[in-house]
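# Structural overview
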Amino acid sequence: MVDVAKDLTAGTIGGAAKLIVGHPFDTIKVKLQSQPIPPPGQLPRYSGAIDAVKQTIAAEGPRGLYKGMGAPLATVAALNAVLFTVRGQMEALLRSEPGAPLTVNQQVVAGAGAGVVVAILATPTELVKCRSVHFFQ
């Protein structure tokens, strides 16, 4: 039970850290992907990623890069916690005896099993996220 708690904690902290670092990149990616196509002879709203960052910070401050992070913070942290926990449990099941190192094949199976579980859980979340980005523009 201690290992499960450790996996849950590490996964949650890892997921939150990943989002804090990665969310600004996702914000800029969405801004670039969703900018309207300019009429002939006019420039696009953003000339590139750096320009999108500059305009976002100028208009909204640095917090603009983190806009909309609340819901993903909960889901990414939870999904990472599930990933770490499922992988830990798969490793325990695959070990021939407690503490024995896993073979490469066993590590692949543990990682793939955890990945399948997270993919099943994450797919609906990502679908809602993608559809809501286009809905609110």
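In case you missed it, the structure is sitting above this.
Predicted model, so just to flag it, every value in this text is computed and none were measured.

We now examine the packing of helix α1 (residues 2-34) against helix α2 (residues 49-60). Each pair of packed helices can be described by the angle between their axes along with the distance between the axes. It is at 10 Å that the axes of α1 and α2 come closest, and there the two elements cross at 105 degrees. By the criterion of interaxial angle, the relationship of α1 to α2 is roughly perpendicular. Contacts from Ile 28, Lys 31 and Leu 32 of α1 reach α2 at Ala 49, Ala 52, Val 53, Thr 56 and Glu 60. For the contact of α1 with α2, the residue count by class is five nonpolar, one polar and two charged.

The tally for this structure, following the rule as stated, stands at four salt bridges. Taking the shortest distance from any N to any O, the salt bridge between Lys 31 and Glu 60 comes out at 3.4 Å. Residue Lys 31 is found in helix α1, and its partner Glu 60 is found in helix α2; the two are separated by 29 residues along the sequence. Taking the relative accessible area as the measure of exposure, Glu 60 reaches 32% and is therefore partly exposed. Each of Lys 31, Glu 60 and Lys 67 takes part in a single network of salt bridges with overlapping partners.

Basis of the calculations
- Residues numbered from 1 in each chain as written.
- Predicted model: local features only at pLDDT ≥ 70, side-chain atom pairs only at ≥ 80, totals over all residues.
- Heavy atoms only, no water.
- Axes fitted to C-alpha atoms, helices over the stretch in contact; angles between N-to-C directions.
- Helix = DSSP H or I, 4+ residues; strand = E, 2+ residues; numbered from the N terminus.
- Parallel < 35°, antiparallel > 145°, perpendicular 65-115°, else oblique.
- Contact = heavy atoms within 4.5 Å.
- Nonpolar A, V, L, I, M, F, W, Y, C, P; charged D, E, K, R; others polar.
- Salt bridge = Lys/Arg side-chain N within 4 Å of Asp/Glu carboxyl O.
- Buried < 20%, exposed > 50% of the residue type's maximum accessible area, 1.4 Å probe, protein only.

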